[in-house]
Amino acid sequence: QVTLVESGGGSVQAGDSLRVSCAASGRISTLYAVAWFRQAPGKERVFVAAITMSGGATYYANSAKGRFTISRDNANDTVSLRVNILSTEDTAVYYCAATPGPSATKMRSDYIYWGQGTQVTVSS
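Residues numbered from 1 in each chain as written. Predicted model: local features only at pLDDT ≥ 70, side-chain atom pairs only at ≥ 80, totals over all residues. Heavy atoms only, no water.

Take the nonpolar core next. If you look at the biggest cluster of nonpolar residues, it comprises 36 residues, and the most contacted ones within it are Leu4, Trp36, Ile70 and Leu81. Elements with a minimum of two residues in this core: strand 1 (2-7), strand 3 (18-26), strand 4 (33-39), strand 5 (46-52), strand 7 (68-72), strand 8 (78-83), strand 9 (92-99) and strand 11 (118-123). (Core = buried A, V, L, I, M, F, W, Y, C linked by side-chain atoms within 4.5 Å. Buried < 20%, exposed > 50% of the residue type's maximum accessible area, 1.4 Å probe, protein only. Helix = DSSP H or I, 4+ residues; strand = E, 2+ residues; numbered from the N terminus.)

As structure tokens, this is what we get:
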């Protein structure tokens, strides 16, 4: 079993930067990758970025390249997503998710474990 807990969301102004974090506990050694998804109001939940737990390889949605940075700590128990130059389009609930693999993927169905989400609200 793996438990994921997001933190770091909140209300910010456009142009600011924000870091959301995902704390993982349980059998994290079974995980291949951890990803961030987000769901804006009235929209579907979409992939943002992923990182492998072993090699630290990163993957980004095309729309996330440039402003988004995903990282993990040395203990592999925390995965963070840094978002720069926030805009109102980034307003969403941000979810942490984990997959046992065998590969990183953008498909929601491949992520077995999910956090409860953390709200990010960007005001102009």
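Don't stop here, the text continues.
So, about empty space enclosed by the protein. Remark: the empty space left among the atoms is shown by a probe the size of a water molecule rolled over them. Scanning the model with the defined rule gives one cavity of 30 Å³ or more in all. Lining the largest cavity are Leu18, Arg19, Val20, Leu81, Val83, Leu86, Tyr94 and Val120. Of all the secondary structure elements, the ones that give two or more residues to the lining of the largest cavity are strand 3 and strand 8. Top contributing element to the lining of the largest cavity by residue count: strand 3, with three residues. Along the lines of polarity and charge, the residues of the lining of the largest cavity split into seven nonpolar, no polar and one charged. (1 Å grid on protein atoms, 1.4 Å probe; cavity = no way out; pocket = protein on both sides within 12 Å on 5 of 7 lines; lining within 4 Å. Points joined across faces, edges and corners; volume = space filled by probe spheres on them. Nonpolar A, V, L, I, M, F, W, Y, C, P; charged D, E, K, R; others polar.)

Side chains bearing opposite charge may pair, as long as their charged atoms lie close to each other. Per the counting criterion, the structure on display carries two salt bridges. Between Asp90 and Arg38 there is a salt bridge, and its shortest N-O distance comes to 2.8 Å. One end of the pair, Asp90, is in the loop between strand 8 and strand 9; the other, Arg38, is in strand 4, and 52 residues separate them in sequence. Residue Arg38 is classed as buried on the basis of its relative accessible area, which comes to 16%. (Salt bridge = Lys/Arg side-chain N within 4 Å of Asp/Glu carboxyl O.)

Bringing unusual backbone geometry into the picture now. The phi torsion of most residues other than glycine is negative, and most of the peptide bonds are trans. Residue Pro102 follows Gly101 across a cis peptide bond; omega there is 15°. Here Pro102 is to be found in the loop between strand 9 and strand 10 (113-114). Even without being glycine, Asn76 reaches a positive phi, approximately 60°. By secondary structure assignment, the location of Asn76 is in the loop between strand 7 and strand 8. Classification of Asn76 as buried rests on a relative accessible area of 18%. We note that Ile85 has phi near 50°; this positive angle belongs to a residue other than glycine. The residue Ile85 is located in the loop between strand 8 and strand 9 in this model. Residue classification places Ile85 among the exposed positions, given a relative accessible area of 57%.

In short, the description is geometric, and any link to function would need to be established separately.
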